[in-house]
Amino acid sequence: MYVGKFAPVQIPQQKGIVVAKTGYIYYSNVTGYDSEKKRSIDNRVIIGKALEENPTMMTPNDKFFDIFQIKTSEAETNAKMSEVHIKNFRGIKSVNVLDMRPIVLLSGKNNVGKTTMLEAIFLLMAKGEAAFLQSLNYFRNRMVFNSTNTEVWEPLFYGRNPENKLEIDSIFEGKPLSLFLEKDSSYIPNGVAGMPNDAVEQMRLFARNSYSLKGGFSFDSKTSLLHISSSPSGLLTEKEKQIEESISFPHVRFVNDAIIRSDASVIDLFSRIELEDKKGLIIDILKMIDPSIVDITNLSLNGRSSLYIRNEQGLLPIQFAGDGINKLIYIALCIMQTKGGIVLVDEIESGFHYTMLSNLWRVIGDLSGQYDCQVISTTHSIENINAAINGLRGKEKDFCYYRLGKTDGELKAHRFSYDVLKSAIKAELEVR
Amino acid sequence: MIREQMAIMKKYLILCEGVDEKRFLIEYLNSQALLSDPRLSQEIQVMDFGGINELSNFLMGLRGADGFDGVSTLMIIRDAEKDCNAASQSVASSLKSAGFIAPSKISEWIDSNGIRIGFLLFPSCSLDPCNGTLEDLCLKILNDDHSDERMEDIELLLDKCSKSYEESFSKIHKNKLHAYLSTKNDFAGMKIGEAAKAGAFDWNSPVLRGLKNFITDGF
């Protein structure tokens, strides 16, 4: 996989562009006429290389920007994560997603790997730590109480086989960001400070009889090696701390309906927004769905805090306000509290009436830009895809869509720019 | 308004410009005239790519659409309009911008990464393109023993109208065809696709031979 310095761009459709069989792209510029040799003086330079996955796209080099007078910052995508390559993660043997934008929508048939792709990005952004392996089970509504490796991490590996090295590589803020995890039969955990001796012994015994995982997380040129061990009493991550501490990283949040219903952190998220004096923004967002809402507030009764909305009928616990309101607030708060990071939303359309979906995308479009937060979501709904097209007018370059589909067992992410998606939907092509 | 999405069902796709061309082609492929080769009615899917300016984006969308991996033949038909050379270049340019290899000329099949690609222009449907549109082709294949006489009358009428009301007809082919259809009880008020279905055109016409041969060569 060729990962260039710059994010991929469309191959220019103009005179002088030549795509060689090798994939290199030349720009041939006639600069004069040689009267002696009776031929044009041709200034031919390599400007980049075509992408194997998408022959309409190319990875440009510095010359490209010199010749076409495009400022690098304009040509580079401003998405936090511009590409991701996943290998041996859950049901995905291999997939490459290129030229991502700040707002990404993924679609595809059931069980093709949409949610899995979100989980892979979550695990990568969470640095592969053991606690987040448990989170992945939680996202799937699968509670694992006795943390044996077969239950916690084997489902993460392709074919449930940890011999298949799990690799997630990406470009984040223009720099390489990677995670790998694989089986390590020889590693015996040492434990960490403060861990009771009997727990350490139990974990060591468990590792001898079973196996641990070794892994590596790297960002830019820094790498942190880690080991994850399990026992019925819990999971343990041992890291090279000095390296780890030097890798600071923005947040990632995973949103699905189960989390929204059960996560009490929405009150904390809202409280932080109120402290930042941005409650008015949340009220404006809620008015898009229900114009009668005039306020949202956090009330504590009998020692329990709850969010209430106020409309013409008075105060109403937010849980009674409908799935759409709850979900919209949760998504908006997540974006506002994940500045510089990534919010992953599974089945984003669920809970919303279709007439509200364009408003949802307007909110996402505005907040994503304001808070420099990439939003990657999945959908099955053609109405939602159409709503994204309508709701993101004016932010066309910030959006792209992928249809995940399998060809001969190989997963491919077919990319659609805003304009191409719009044309495809207008032509009634099946792009889900 | 969102309508049902169009899945790719066949290996052989004909992409055409507009609903009328699509209906015309579907009627032709299903006609008695082509019964001898059942592949033409059973193994081809006709799709409308919209306006000519949308062809490039349509092709890019098509590449990523569900079922495209199984496509083996892609044929594009559009109107030559006022400049058949420009129309030809426009199709080639759209193909290239969508990452396909484009045939160097009309009525030529070329392999583009395992997909046979070719294009034709209405009205000639042959190696020797001429300017014009589907309506011009329709006027040549009218299923009517008295079409010549009727057309003479219609031309006289249009000429008289043009002079009387000082109006030059910028789309004279459309004026002629729809004036003709309006003079027939069976076709009055119909669009091309509807008229095709109602039997307005002679699918056995030798004028369509080039179209049939080119489509057949695409298998």
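Residues numbered from 1 in each chain as written. Chains lettered and ligands numbered in written order. Predicted model: local features only at pLDDT ≥ 70, side-chain atom pairs only at ≥ 80, totals over all residues. Heavy atoms only, no water.

Visitor: Can you walk me through the interface of chain B and chain A in this structure?
Guide: How big an interface is tends to be stated in terms of the accessible area lost upon association of its parts. Across the boundary between the two partners, chain B contributes 23 residues, which contact 23 residues of chain A. In total, chain B and chain A occlude about 2100 Å² of area from one another, counting both sides; carbon and sulfur atoms represent 55% of this. The interface formed by chain B and chain A contains three salt bridges. Across the pair A:Arg403 and B:Asp66 runs a salt bridge, and its minimum N-O distance is 3.7 Å. Of all elements in the fold, only β2 (44-48), α3 (55-64) and α4 (84-97) of chain B reach the threshold of two or more residues within the side of chain B that touches chain A. Taken together, the residues of the side of chain B that touches chain A break down into nine nonpolar, six polar and eight charged. (Contact = heavy atoms within 4.5 Å. Buried area = accessible area lost by both parts, 1.4 Å probe. Salt bridge = Lys/Arg side-chain N within 4 Å of Asp/Glu carboxyl O. Helix = DSSP H or I, 4+ residues; strand = E, 2+ residues; numbered from the N terminus. Nonpolar A, V, L, I, M, F, W, Y, C, P; charged D, E, K, R; others polar.)

Visitor: I would appreciate a short explanation of the side chain of A:Asp346 in the present structure.
Guide: Residue and element names in this part refer to chain A. With respect to the helices and strands, the residue Asp 346 is situated in the loop between β18 (342-345) and α12 (357-370). Arg 140 provides the closest opposite charge to the buried, unpaired Asp 346, separated from it by 6.7 Å. Engagement of the side chain of Asp 346 in a polar contact is seen with the side chain of Thr 115, the distance being 3.0 Å. Beyond its immediate sequence surroundings of up to four residues, Asp 346 is in contact with Thr 115, Leu 118, Phe 254, Val 255, Asn 256, Lys 327 and Thr 378. (Buried < 20%, exposed > 50% of the residue type's maximum accessible area, 1.4 Å probe, protein only. Lys, Arg positive; Asp, Glu negative; His and termini not counted. Polar contact = N/O pair within 3.5 Å; in protein donor to acceptor, adjacent residues only side chain to side chain.)

Visitor: Any chance you could explain the sheet that holds strand β19 (residues 374-378) of chain A here in plain terms?
Guide: Backbone hydrogen bonds hold the strands of a sheet together, and the pairing may be parallel or antiparallel. Residues and elements named next belong to chain A. Read across the open sheet, the six strands follow the order β14-β18-β19-β8-β20-β21; overall the sheet is mixed. Each edge of the open sheet carries a strand with a single partner, namely β14 (252-255) and β21 (410-417). This sheet shows a mean twist of 20° between the axes of neighbouring strands, independent of strand direction. For β18 and β19, the ladder comprises four bridges, and the chain directions are parallel. (Pairing = 2+ DSSP bridges. Axes fitted to C-alpha atoms, helices over the stretch in contact; angles between N-to-C directions.)

Visitor: Any chance you could explain the pairing of strand β13 (residues 234-239) of chain A here in plain terms?
Guide: Consecutive side chains along a regular strand alternate between the two faces of the sheet. Pairing analysis gives six bridges linking strand β12 (residues 222-231) of chain A to β13(A), with the strands arranged antiparallel. Considered in β13(A), the bridge of A:Ser229 is made with A:Leu236.

Visitor: How should the pattern of salt bridges be read in this particular structure?
Guide: Once their charged atoms are close, side chains differing in charge can pair, the charge on each being opposite to the other. Overall, the coordinates contain 23 salt bridges over all chains when judged by the stated rule. Notably, a salt bridge pairs A:Lys426 with B:Glu54, separated by 2.4 Å at the nearest N-O pair. A residue pair is termed interchain when its members come from two chains, as with A:Lys426 in helix α14 (residues 418-426) and B:Glu54 in the loop between β2 and α3. With its nearest N and O atoms 3.0 Å apart, the salt bridge here joins B:Asp37 to B:Arg39. Residue class for B:Asp37 comes out buried when judged on its relative accessible area of 14%.

Visitor: How do you make sense of helix α6 (residues 147-164) of chain B when you look at a structure like this?
Guide: Because an α-helix completes one turn every 3.6 residues, residues spaced three or four positions apart along the sequence face the same direction. Residues and elements named next belong to chain B. When the terminal C-alpha atoms of α6 are compared, their 25 Å separation across 18 residues agrees well with the 26 Å that a helix rising 1.5 Å per residue should span. Along α6, the residues that are buried comprise Ser 147, Met 151, Ile 154 and Leu 158. Looking straight down α6, one finds that the buried residues subtend no more than 60° of arc, so they occupy a single side. Structural note: α6 exposes Glu 152, Leu 156, Lys 160 and Lys 163 on the side pointing more than 90 degrees away from its buried face. Buried positions along α6 lie against α5 (134-140) and α7 (172-182). Immediately beyond the C-terminal end of α6, within one or two residues, lies Glu 166, with a positive phi of roughly 50°. (Expected span 1.5 Å × (residues − 1). Arc of directions from axis to C-beta.)

Visitor: In this structure, what is going on with α4(B)? I would like to understand it.
Guide: All names here are of chain B. The first and last C-alpha atoms of α4 sit 20 Å apart over 14 residues, in line with the 20 Å expected at 1.5 Å per residue. Tucked into the core, α4 has its buried residues touching α3, β3 (73-79) and β5 (115-122). Where α4 starts, the residue carrying a side-chain oxygen 3.0 Å from the main-chain nitrogen of Asn 85 turns out to be Asp 83. Trailing α4 by a residue or two, Gly 99 shows a phi angle of about 90°, which is positive.

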